[in-house]
Amino acid sequence: MTQQDTITISQYGQWHPLDVSLADQGPATQAELAGLTLGEIPYTHGLQPMERAGLPGYDSGVLCLLIGMFLLLALNFRHYSTFFKNFLSDLLSVRRREKTFGVRTFSETGVQISIVLIACLSEGIIINSALPERRAIGPVSGEFAVIGSLTLMAVLYYLWQLAAYGTVGSIFADKVSARMWMKGFNASQSLLSMLIVVPAIVVLFNPSASHVILLMGAIFYFLARLAFICKGFRLFYDNFGSLLYFILYLCSLEIVPLVLLYRAVLFFHNLLLQT
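Remember, predicted model here, so these are calculated numbers, not experimental data. (Residues numbered from 1 in each chain as written. Predicted model: local features only at pLDDT ≥ 70, side-chain atom pairs only at ≥ 80, totals over all residues. Heavy atoms only, no water.)

Considering helix α6 (residues 143–172)
Each turn of an α-helix holds 3.6 residues, which means side chains three or four residues apart point in the same direction.
Part 1 of the argument: The terminal C-alpha atoms of α6, which comprises 30 residues, lie 43 Å apart, in line with the 44 Å expected from a rise of 1.5 Å per residue.
Part 2 of the argument: Every buried residue of α6 is accounted for by E143, V146, I147, L150, T151, A154, Y157, Y158, Q161, A164, Y165 and G169. (Helix = DSSP H or I, 4+ residues; strand = E, 2+ residues; numbered from the N terminus. Expected span 1.5 Å × (residues − 1). Buried < 20%, exposed > 50% of the residue type's maximum accessible area, 1.4 Å probe, protein only.)

Some remarks on the pattern of salt bridges
Part 1 of the argument: Here the structure, examined in full by the defined rule, presents 1 salt bridge.
Part 2 of the argument: Taking the shortest distance from any N to any O, the salt bridge between E254 and R225 comes out at 2.7 Å. Note that E254 is positioned in helix α9 (residues 242–274) and R225 in helix α8 (residues 210–236), a separation of 29 residues in sequence. The two residues E254 and R225 agree in class, both being buried. (Salt bridge = Lys/Arg side-chain N within 4 Å of Asp/Glu carboxyl O.)

Examining the nonpolar core
Part 1 of the argument: L121, I125, I147, L192 and L204 are the most contacted members of the largest nonpolar core, which has 20 residues in total.
Part 2 of the argument: Listed by contribution, the elements that provide at least two residues to this core are α2 (60–75), α5 (106–130), α6, α7 (175–205) and α8.
Part 3 of the argument: No other element matches the 6 residues that α7 contributes to this core.
Part 4 of the argument: If we ignore the near neighbours within four places in the chain, the residues touching I125 are I147, A200, V203 and L204.
Part 5 of the argument: Counting 17 residues, the second-largest nonpolar core is a separate cluster that includes C120, A154, F228 and L253. (Core = buried A, V, L, I, M, F, W, Y, C linked by side-chain atoms within 4.5 Å. Contact = heavy atoms within 4.5 Å.)

And the structure:
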């Protein structure tokens, strides 16, 4: 067969017959034509590019928040030995030691503040991972504004709890019991911070693990609150009649605020979707 009798592919992906009149052969059969591809060949155009999804850990603002929190933690590092000596007793013990409850050093307060801020940032990161996908609002994914807002909500919720527990303790308990209760609350927040900080960092760079991390965060939060609630029960339980006040406390300070906070997070997310 001569060169005029062949069919080739051009550099543009088109089939072109070089000579439609074949001198020594008859017309092509239907079976022969079925094996040919006419027109553009799809694979010569390649694949359409897809935009790479930005990870929360790639956001420089989020990284600055994380680094800032750990720097604050490092500044108080030399005082952590003193803090952890009293950690378990603050979390679990109900022994009354009136002479020691009025003593709170500046170093202990600094350690507590740094741990609570780490807990609030970790909560913001984990809650952000649980939110549905949304349109990007920043150069990478707008995660700094979202995580920063959620962290601020966690800080405000912590301050509200401090005020609420301090008010209830001053009304329904003596001075020593109220201080023991507040120390138990701060110790439970420290426990929560130590439990969720690693999962928060993991989900920051691996959003696909959000379902597992969210479940872990919920379990750790429940364990920390359970430790605090148990200490409060041991402090304030006197008789069977006091159970009514304890149930009212659970509803008003433990359950209802969480429901309201959940609705506030959903409202905040709906605002993000509308922007």
